[in-house]
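Secondary and tertiary structure notes
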Amino acid sequence: MRSAAAGTINLDMAGREVRIAGWVHRRRDLGGLAFLDLRDRSGVLQASAGPEWSSGAAMEAVRGLGLEDVVAIRGVVSPRPEAARNPGMATGDVEVRIVELEVLNRARTPEIPVYVPPEEELPSEKLRLRHRVLDLRRGELQDRLELRHRLILAARNYFHAQGFMEVETPILTKPTPEGARDFLVPSRVHPGEFFALPQSPQIYKQLLMIAGFDRYVQIARCFRDEDLRADRQPEFTQIDVEASFVQPDDIHAWCEGLMEKLAEVAGIEAPTPFVRLSYRDVMERFGSDRPDLRYALEIRDFTDVLGALDFGILRGAVARGGRIRGLRLEGGAHLARRQIDAIEEAARTAGAPGLLWAKAQEDRATGPLARFFRDDTRALLGLARGDLFLAAAGPDPVTSPALDAARMAAIAALDLPRTTEHSWLWVTGFPVFEDAGGGELAANHHPFVQPHPGDIHLLDSNPLAVRGLAYDLVYNGTELGSGSIRPHDADLQARILGMLGLGPDEIRLKFGFLLDALRSGAPPHGGIALGVDRLVARLSGAASLRDVIAFPKTTAARALFEGAPTAVADAELAALGISAGVRE
């Protein structure tokens, strides 16, 4: 039906007859001449109908076209007149003069426009998701999905060259705790029993290592029943990697090589080796385990200086074991009160009761905190004229996220310059456990993290101080991937599960198959999972994961185009041995 794609037509093809097909992007009637822009996945091409080269039927057909009608054209490639050339189009030097035109399908009036001029706003996201097929015709989304395809292809080729083997793992799996709720699938054959959709292939890829497949990779579909945000979807894709006889440095080297390849595809920079900072270091300096290092602004500890002031709030915080940490913003004194209030509100939203601040004026300091300054406080804080100082007092779990939020809000308010456009970072040495409250422990990453050899002796006496051989890959403040070396000793793995509150019977029920496999002779192994959706979003500059997924869910976990989820007839549920319970 077609001999060439619209976006491939160029001046070298002038005089050649071609057959093209696609959608009517725009149409213009100038009386004696009629023009249409034809669009397919490769691009947009102008086609013209005129009495000198088109039949009367073709002229009439062009004039009767509507937007998004599907047409096939036979015509001759012709150079555009110099004055009519369009440098904004890849095909702007040529047009196809229509000899024949066939309408393959009529389209009803589009509910949303496919072509939106740059100066106009897109329809609301909700409306675009409801009419996703039309939205996906936009060049911007098609470019991002094409980039996604090329990135995944590059990843597969890279790991193949490194000796990795792609193995598919089950989608219907056993429910196991991995940090989020499982999507459950009832079994019709075994009433009252359920499969789970995998939150990750974590256990299966460990089993593959024990089975002797020493380098595994998979472009894996994963599912998590959790609350959604712009960077979360209930179903997502990850580049899942595992290897045997490795240390963290091996995983880092493979991933850095992969990022070099993917960055090249996306047209950005990924200079290796990447910066490596410990979890303790990034939390101290930036208040976050995924800091955006494109900006030099850092958090500092000012407990010694500010804790000595005659200020009850600060002294009380220190007396209760907290610290006073803050940010010194060069030139920040020009910010208006409403801007400082907005930064403070960001800190409150992150969990702090508030921020204290002071402005360094030419001859004095002003602001709520400045009232308590001593003669030497300004100098000890390093405040120069025109600086703004922000401080938070309390325990680190409260002040760290608050100061992280304040840091990013201050960067935006001051429009601070970047020291680099592409910040790649490894965060290492995450704690194995975190405090779940009430004397209980929770896994910081997941239950399958090998403790640091130097900290295993602390498992009983001080488990919260135990570092793991765990690591995250961070790009411009976004976590792209998370991984670790795994416990390959069954007794150690069972001990960790027990510390997380699982009893012997529950461990046996949920993880007995893994422990049995580990006892069959497990090699040291480890890996990482890299989020494809986040990778594509960040490398393409998309604001949301929904802009790089063909058919995403909303933040309410609904598929608006398909109308899912939906109610199921009672008879169908009964065949599965379940009932819907109370319906809205």
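Located above this text is the structure these notes cover.
Residues numbered from 1 in each chain as written. Predicted model: local features only at pLDDT ≥ 70, side-chain atom pairs only at ≥ 80, totals over all residues. Heavy atoms only, no water.

**Quick word on the overall build of the protein chain**
In terms of regular secondary structure, the protein chain is built from 16 helices and 22 strands. Overall size of the protein chain, expressed as C-alpha extent along the three principal axes, is 90 × 75 × 55 Å. Here the protein chain holds 584 residues, and 48% of them are scored as buried. Taking the intrachain contacts of the protein chain between residues at least 6 apart in sequence as the baseline, contacts between residues at least 24 apart amount to 67%. When the accessible surface of the protein chain is split by element, carbon and sulfur atoms take 51% of a total near 28200 Å². Side-chain charges of the protein chain comprise 69 positive and 81 negative groups, with the mean position of each set lying 2 Å from the other. (Helix = DSSP H or I, 4+ residues; strand = E, 2+ residues; numbered from the N terminus. Buried < 20%, exposed > 50% of the residue type's maximum accessible area, 1.4 Å probe, protein only. Contact = heavy atoms within 4.5 Å. Areas by Shrake-Rupley, 256 points an atom, 1.4 Å probe, with all protein chains shown as cover. Lys, Arg positive; Asp, Glu negative; His and termini not counted. Charge placed at Lys NZ, Arg CZ, Asp CG, Glu CD.)

**Focus on the packing of helix α13 (residues 490–499) against helix α14 (residues 504–518)**
Interhelical geometry of α13 versus α14 gives an angle of 160° and a closest axis separation of 9 Å. The angle between α13 and α14 places the two elements in the roughly antiparallel class. In the crossing of α13 with α14, the sense of the turn from one axis to the other is right-handed. Facing α13, whose interface residues are A490, Q493, A494, L497 and G498, α14 presents I507, F511, L515 and L518. Looking at the contact of α13 with α14, its residues break down into seven nonpolar, two polar and no charged. (Axes fitted to C-alpha atoms, helices over the stretch in contact; angles between N-to-C directions. Parallel < 35°, antiparallel > 145°, perpendicular 65-115°, else oblique. Left-handed = near helix turned anticlockwise from the far one by under 90°. Nonpolar A, V, L, I, M, F, W, Y, C, P; charged D, E, K, R; others polar.)

**Let's talk about unusual backbone geometry**
Working note: non-glycine residues mostly have negative phi, and peptide bonds are mostly trans. Residues T272 and P273 are joined by a peptide bond in cis, for which omega reads -5°. Note that P273 resides in the loop between α6 (248–266) and β11 (275–278). At the junction of A564 and P565, the peptide bond is cis and its omega measures out at 0° in the coordinates. Backbone geometry at E68 places phi at a positive 75°, although glycine is not the residue there. By secondary structure assignment, the location of E68 is in the loop between α1 (56–63) and β4 (70–79). On the accessibility criterion, E68 (3% relative accessible area) is buried. Backbone geometry at N476 places phi at a positive 50°, although glycine is not the residue there. Of note, N476 is situated in the loop between β20 (470–475) and β21 (478–485).

**Topic: the side chain of Q206**
Tracing the chain through its elements places Q206 in helix α5 (residues 202–210). Given the relative accessible area of 0%, Q206 is considered buried. Polar side-chain contacts of Q206 include one of 3.0 Å to the side chain of Q202. At a separation of 3.1 Å, a polar atom in the side chain of Q206 contacts the side chain of H525. With near-sequence residues (within four places) excluded, Q206 lies in contact with E242, F448, R486, P487 and H525. (Polar contact = N/O pair within 3.5 Å; in protein donor to acceptor, adjacent residues only side chain to side chain.)

Remember, this is a structural readout, not a statement about activity or role.
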